[in-house]
Amino acid sequence: MLKLVTQAFDLVEKLRQSSTVAEVETTFAGIAADSGACAFIICDIPPGCAPGAREIHSSGWHPDWERKYLERRYAEVDPVPNSVNSHNEPYFWRDLIVPTTRNAPAANVMQEARAEFRMHDGFCIPVHGLEGVAGLVSLATEDAAWSLSEQEQAAMHLVGLYAYEAVRRIKRPQSPAAIVRLSPREADCIRWLAEGKTAWEIGAILGVSEATVRTYLKAAARKLDTRSQAHLVARAHRLGLIH
Amino acid sequence: MLTLYAIRGFDPRFAAELDLAFRFRHDAFVEEAGWNSLRRADAREIDQFDTDDTIHIVAIDQGAVRVYSRLNPTTRPYVLSSIYPHLAAQPIPCEDLVWEWSRMGTAKHARTDGRGWSGPIGLLFRCVSHVAMDLGIASLVWQAHPSWVSRASQLGFDPRPLGFPHPVDNKTVIAAVMDVESHVFPTMDRYGVPSLPRTAETTPVRRAA
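Residues numbered from 1 in each chain as written. Chains lettered and ligands numbered in written order. Predicted model: local features only at pLDDT ≥ 70, side-chain atom pairs only at ≥ 80, totals over all residues.

### A look at the nonpolar core
The nonpolar side chains of a soluble globular protein tend to be buried, and buried together. This is how the line gets drawn: Any nonpolar core is a set of buried residues, restricted to Ala, Val, Leu, Ile, Met, Phe, Trp, Tyr and Cys, that join up through C-beta atoms within 7 Å. Whether a residue is buried, exposed or partly exposed follows from its count of other C-beta atoms within 10 Å of its own C-beta, namely 20 or more, 12 or fewer, or something in between, respectively; the C-beta atoms are built from the backbone. Those domain boundaries reflect an automatic or database domain assignment.
One finds A:V159, A:A163 and B:L140 to be the most contacted residues of the largest nonpolar core, which totals 128 residues. For this core, the two domains that each supply at least three residues are domain 1 (2–171) and domain 2 (177–238) of chain A.

Structure representation (structure tokens):
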């Protein structure tokens, strides 16, 4: 079974913890290669703009294809990104119905990708957020007989969504939770709290007063935005601040 | 004027609001979404997960329900643990501070008005977060289309998957859990999510912890 499936939740966790786009790209490139893809792209579709007009993160595409794609504004006619708005679920490139007569440019783009750059098929995960926010994660393969089982498609859907979210979070940070840092003393107090110790006991262990322990815990509760000691322990654990 | 209610169980003081809520659920989930197994002759959608522990979140404006959601403790049987355990590949949460968010409902007229569909969903997130914070709930478990992962993330939540996307009644559903944090409110403001007027009220409820 593909690593994609057996390690999906670890991969999601890795993507969620990534702090640079390069990390996301490296992780996702591994996933793509493991599942038989040769290239991938993660991009935005800003409202009223061509796909990828704002942010493009990609890896593995032939440089000539990338240049041509941008120069000739293929994004405007390529059926793969242009199907995002009409699809709630991931789709294979081969399953897109591309009329060859009425919409020749669309068929031509796909034909050119196949004939000149050996991109025979691909799998595209559409991303739909709140109003005006859409994007895609698309993988290409040189393998004309490429297939993914239902389980693999589901795992790719999951991991693809999180790759997209990781890039969006890194590029437009807005979550203070992502940068919460506890002092070593605060973390110690929470760790002992998790062991069921009282503030007085923690004070005795750490060699400080009970009042000081309460001050540490109060500061930590403020940082983590928590309402009770159980909440504090749960949140600190979940954010990976204590183990 | 929008009024937000957080009603515990079948609190008789809010019988009228609950009646509106159950009728709204029948309209939204049976008539519109086509969950026919929930159909009831009296057009009030109520199931086994509407218990004395349930918190009904109902935002009512001029006699009409704008958004509705249901919260249930994960320490008792809940929708994910009882009906859809196969959606979870990770351990199914069972903790005092973790509650399940189900029956995410927004008024149809608000959604079908041009592209304004995300306004009501933003309002739904705001009402649910507001009530969950009030109750001291640390995290919410939910199952919905994977686009809810994107929506929640966009509003500043950090949803973690409990399982793979999975087909349920011809739709894809993913189970996830996310913390409820106050920093989502300024993010909602930035996205233009309607704010709750000062007149909004919640009924006094026992804190979750």
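### Comments concerning the packing of helix α8 (residues 184–194) of chain A against helix α11 (residues 229–238) of chain A
All names here are of chain A. As a reminder, the rule being used: Axis angles are defined between N-to-C directions and span 0 to 180 degrees, where every axis is a line fitted to C-alpha atoms and, for a helix, only to the segment in contact. The way it works is that DSSP assigns letters per residue, a run of H or I at least four long becomes a helix, a run of E at least two long becomes a strand, and they are numbered from the N terminus. Orientation labels follow simple angle bins: below 35 degrees gives roughly parallel, above 145 gives roughly antiparallel, 65 to 115 gives roughly perpendicular, and whatever is left gives oblique. Helix crossings fall into two classes, left-handed where the near helix is turned counterclockwise from the far one by less than a right angle and right-handed where it is turned clockwise. By definition, residue pairs are in contact when their C-beta atoms, positioned from the backbone, come within 7 Å. Classification used: nonpolar for Ala, Val, Leu, Ile, Met, Phe, Trp, Tyr, Cys and Pro, charged for Asp, Glu, Lys and Arg, polar for all others including Gly.
Contact pair α8 / α11: the axes reach a minimum separation of 10 Å and the direction vectors enclose 110 degrees. On the basis of the axis angle, α8 is roughly perpendicular to α11. For α8 against α11, the interelement crossing comes out left-handed. Touching I190, L193 and A194 of α8 are Q229, L232, V233 and A236, all from α11. Taken together, the residues that form the contact of α8 with α11 break down as six nonpolar, one polar and no charged.

### Some points on the interface of chain B and chain A
Facing the 31 residues of chain B at the interface are 29 residues of chain A. Sorting the residues of the side of chain B that touches chain A by element identifies α4 (118–135), α5 (147–154) and β8 (171–179) of chain B as the ones contributing at least two each. With six residues, α5(B) is the single largest residue contributor to the side of chain B that touches chain A. Residues that form the side of chain B that touches chain A fall into these classes: ten nonpolar, 15 polar and six charged.

### Things to note about the pairing of strand β5 (residues 134–141) of chain A
Residues and elements named next belong to chain A. Formally: Note on pairing: two strands pair once DSSP finds at least 2 bridges between them.
Of all the eight residues making up β5, eight are buried; the element is thus mostly covered by neighbouring parts of the structure. Burial along β5 is two-sided: the face carrying A134, L136, S138 and A140 and the face carrying G135, V137, L139 and T141 are both buried. Two elements, strand β1 (residues 39–44) and β5, share six bridges in a ladder whose sense is antiparallel. The residue of β5 that forms the bridge with I41 is S138. Direction of pairing for strand β4 (residues 121–128) relative to β5: antiparallel, over a ladder of eight bridges. Across the sheet, C124 pairs through a bridge with S138, a residue of β5.

### Re unusual backbone geometry
Backbone geometry at A:R73 places phi at a positive 50 degrees, although glycine is not the residue there. Here B:R103, not a glycine, exhibits a phi torsion of approximately 50 degrees, which is positive.

### Structural notes on the domain arrangement of chain A
Each assigned domain of chain A is listed here: domain 1 (2–171) and domain 2 (177–238). Relative to domain 2 of chain A, the C-alpha centre of domain 1 of chain A lies at a distance of 43 Å.

### Description of the sheet that holds β1(A)
Residues and elements named next belong to chain A. Pairing in this open sheet of five strands is antiparallel, and the strands run β2-β1-β5-β4-β3 from one edge to the other. The sheet terminates laterally at β2 (56–59) and β3 (91–92), the two strands that pair on one side only. Across the sheet, helix α7 (residues 150–171) touches β1, β2, β4 and β5, and the angle it forms with β4 is around 60 degrees.

### Details of the environment of B:A144
Residues and elements named next belong to chain B. Mapped onto the fold, A144 is located in strand β5 (residues 139–144). The sequence separation of A144 and K171 amounts to 27 residues, and the corresponding C-alpha distance is 9.3 Å. Aside from chain neighbours lying at most four places away, what touches A144 is M104 and V173.

### Digging into the packing of helix α9 (residues 199–206) of chain A against helix α10 (residues 210–224) of chain A
All names here are of chain A. For the pair α9 and α10, the least separation of the axes is 8 Å and the interaxial angle reads 105 degrees. Classified by the angle between their axes, α9 and α10 sit roughly perpendicular to one another. Residue-level contacts link A199, W200, I202 and G203 of α9 to E210, T212, V213 and R214 of α10. Split by residue class, the contact of α9 with α10 holds four nonpolar, two polar and two charged.

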